[in-house]
Amino acid sequence: MTNMIALVTGANKGIGFETARQLAARGMTVLVGARDAERGRAAERRLRDGGAQARFLSLDVTDEESVATAAKLVDEEYGKLDVLVNNAGIVLSDGERALPSETTLATLRRVFETNVFGVVAVTNALLPLLLRAPAARIVNVSSEVGSIGTITDPESFIWRLTSVPYPTSKAALNMVTAMYAKELRDTPVKVNAANPGYCATDFNGHTGFRSPEQGAEVSVHLATLPADGPSGQLWGHLADSGGGYGVLPW
Ligand SMILES: NC(=O)c1ccc[n+]([C@@H]2O[C@H](COP(=O)([O-])OP(=O)(O)OC[C@H]3O[C@@H](n4cnc5c(N)ncnc54)[C@H](OP(=O)(O)O)[C@@H]3O)[C@@H](O)[C@H]2O)c1
């Protein structure tokens, strides 16, 4: 057992739940961020039943008051944070074909509220605590669909995607990652974006070809990077290279 504290947002199910489970298996105390108390407590119970040191933390990443309250609790109870996994995310699109020309601002705003603004809000609220840890890691759960280099490559398996809100939110999250990594380059904090790959969760009606456990491996790798590990990269599953892990193009 270490005395490391990890917070995973959107940890009540899917890749976030698995990330919490795998971090706890490495001896960390895991704060199970969830916006719904019932779902959060159920996840906490499942994790504890599996032997994890887990605790539900009420956290809606789109609600500034909820973010501030959660950060205050972490400060009061633990005084530092070693790992922050910004995992909570949503996907929405407009119209039958989800074309750019069919996109509504309402949908775009909703997706950005969670996938981009939520990450900045949570990170800024917790950064003082991350800087108090000996060598904190921030993992922003992004996606290959946020990689402009990949989605504009006609040979890529995601070339056919047309929707604006989700891919642009993850592209923005990639830039957020790069900018925080730049700000924090002279500190022990590392900031990276994760590509879990296409995983079978509620997110996509369980159509993904990877498991949530495999998706979580990517976040756990970046959450446990050694002192000489990279910062400011998009790293994870490489679908177009026949699998395996590595750095993706921005
Ligand atoms: N699955 C994939 O193939 C895939 C691929 C690439 C990237 N990703 C990314 O991986 C992350 C996790 O996705 P997943 O597949 O595990 O999806 P999921 O099963 O739908 O889980 C999403 C989690 O985010 C939470 N969430 C949503 N909005 C929130 C908010 N405002 N505040 C706090 N929590 C919120 C959800 O809580 P509720 O239960 O309350 O809704 C849920 O716990 C996302 O960032 C997604 O973009 C997924």
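As a reminder, the structure under discussion sits directly above these lines.
Since we're looking at a predicted model, the values are computed, not measured. Each chain carries its own residue numbering, running from 1 in the written order of its sequence. Residue-level local features of this predicted model are given only where pLDDT is at least 70; pairs of side-chain atoms are given and counted only at 80 or more, and the full residue set underlies all totals for whole chains, interfaces and linings. Side-chain numbers here rest on the full set of heavy atoms in the structure, without hydrogens or water.

Peer 1: Please explain the side chain of Asn-115 as it appears in this structure.
Peer 2: We count a stretch as a helix when DSSP gives it H or I for four or more residues in a row; a strand needs E for two or more, and each element gets its number in order from the N terminus. Examined against the element boundaries, Asn-115 turns out to sit in helix α4 (residues 105-132). Pairs of N or O atoms within 3.5 Å make up the polar contacts considered here, provided that, within protein, one atom can donate a hydrogen while the other can accept it, and that residues adjacent in sequence are counted only when both atoms are side-chain atoms. Polar side-chain contacts of Asn-115 include one of 2.9 Å to the backbone nitrogen of Ile-90. Here Ser-169 takes part through its side chain, which lies 3.1 Å from a polar atom of the side chain of Asn-115. What makes two residues a contact is simply this: any of their non-hydrogen atoms within 4.5 Å. Not counting chain neighbours up to four residues away, the residues in contact with Asn-115 comprise Ala-88, Gly-89, Ile-90, Tyr-166, Ser-169, Lys-170 and Leu-173.

Peer 1: Looking at this structure, how should I read the packing of helix α1 (residues 14-25) against helix α7 (residues 212-223)?
Peer 2: For any two helices packed against each other, the geometry comes down to the angle between their axes and how far apart the axes lie. Axis lines are fitted through C-alpha atoms, for helices just across the contact stretch, and the angle between N-to-C directions can take any value from 0 to 180 degrees. Where α1 contacts α7, the two axes come as close as 8 Å, and the packing angle between them is 55°. The orientation of α1 relative to α7 falls into the category oblique. Crossing angle aside, the handedness with which α1 passes α7 is right-handed. Taken together, the residues of α7 that come into contact with α1 (itself represented by Gly-14, Ile-15, Glu-18, Thr-19, Arg-21, Gln-22 and Leu-23) are Pro-212, Glu-213, Gly-215, Ala-216, Glu-217, Ser-219, Val-220 and Ala-223. To sort the angles, those under 35 degrees are grouped as roughly parallel, those over 145 as roughly antiparallel, those from 65 to 115 as roughly perpendicular, and the leftovers as oblique. It is the rotation of the near helix from the far one that decides the hand of a crossing: anticlockwise by less than a right angle makes it left-handed, clockwise makes it right-handed.

Peer 1: I'm lost on the environment of Ile-138 in this one. Help?
Peer 2: Counting through the fold element by element, Ile-138 comes out in strand β5 (residues 137-141). Taking the C-alpha atoms as reference points, Ile-138 and Pro-100, 38 residues apart in sequence, are found 31 Å from one another.

Peer 1: Is there a simple way to explain the pattern of salt bridges in this structure?
Peer 2: For salt bridges, the criterion is a side-chain nitrogen of Lys or Arg within 4 Å of an Asp or Glu carboxyl oxygen. Counted according to the given criterion, the structure contains 8 salt bridges. Of the charged contacts, one joins Glu-18 and Arg-21 as a salt bridge, the two residues approaching to 2.7 Å between their closest N and O atoms. Of this pair, Glu-18 and Arg-21 are both found in helix α1, 3 residues apart, which corresponds to roughly one turn of the helix. Exposed residues in this analysis have more than 50% of their type's maximum accessible area, buried residues have under 20%, and partly exposed residues fall in between, with area computed by a 1.4 Å probe over protein chains only. On the accessibility criterion, Glu-18 (8% relative accessible area) is buried. Here Arg-21 falls in the partly exposed class, since its relative accessible area comes to 36%. For Arg-55, the salt bridge identified is with Glu-77, shortest N-O distance 3.1 Å. One end of the pair, Arg-55, is in strand β3 (residues 54-58); the other, Glu-77, is in helix α3 (residues 64-78), and 22 residues separate them in sequence.

Peer 1: Would you mind showing me how to read the site of the ligand here?
Peer 2: Every one of the 29 residues lining the ligand counts as a neighbour, but Asn-12, Arg-35, Asn-87, Tyr-166 and Thr-201 are closest to it. Cys-199 places a polar main-chain atom, nitrogen or oxygen, 2.8 Å from an oxygen atom of the ligand. Each accessible area is a Shrake-Rupley estimate made with a 1.4 Å probe; only the visible protein chains count as cover when residues are assessed. The fraction of the free accessible surface of the ligand (900 Å²) that becomes covered by protein chains is 95%. Those elements giving two or more residues to the shell around the ligand turn out to be α1 and α6 (165-183). Under the scheme applied here, ten amino acids are nonpolar (Ala, Val, Leu, Ile, Met, Phe, Trp, Tyr, Cys and Pro), four are charged (Asp, Glu, Lys and Arg), and all others, including Gly, are polar. Classifying every residue of the shell around the ligand by side-chain character gives 11 nonpolar, 12 polar and 6 charged. Nearness is judged by heavy atoms alone; a residue qualifies as near a molecule or strand once a single heavy atom is within 4 Å of it.

Peer 1: I'm lost on the packing of α3 against α4 in this one. Help?
Peer 2: The interhelical angle for the contact between α3 and α4, taken along N-to-C directions, is 10°, at an axis separation of 9 Å. On the basis of the axis angle, α3 is roughly parallel to α4. Viewed along their axes, α3 and α4 form a crossing whose handedness is right-handed. Where α3 approaches α4, its residues Val-67, Ala-71, Val-74 and Asp-75 are matched on the opposing element by Ala-121, Val-122, Ala-125, Leu-126, Leu-129 and Arg-132. Of the residues contributing to the contact of α3 with α4, the split by class is 8 nonpolar, no polar and 2 charged.

Peer 1: How should I be thinking about the pairing of strand β7 (residues 234-237) in this particular structure?
Peer 2: In regular strands, side chains alternate between the two faces of the sheet. One requirement defines pairing of two strands: DSSP has to find at least two bridges between them. Strand direction decides the pairing type here: strand β6 (residues 190-195) and β7, joined by 3 bridges, are parallel. Considered in β7, the bridge of Ala-194 is made with Trp-235.

Peer 1: Can you walk me through the sheet that holds strand β2 (residues 29-34) in this structure?
Peer 2: Note on sheets: strands pair through backbone hydrogen bonds, and any given pair is parallel or antiparallel. If you walk across this open sheet you meet the 8 strands as β3-β2-β1-β4-β5-β6-β7-β8, and the pairing is mixed. In this open sheet, the two strands that pair with only one neighbour each are β3 and β8 (245-247). Each adjacent strand pair in this sheet contributes to an overall mean axis angle of 20°, direction not counted. Across 4 bridges, strand β1 (residues 5-8) lies against β2 in parallel orientation. Directly across from Leu-7, in β2, lies its bridge partner Leu-31. Docked against the sheet, helix α2 (residues 37-49) engages β2 and β3, running at close to 170° with respect to β3.

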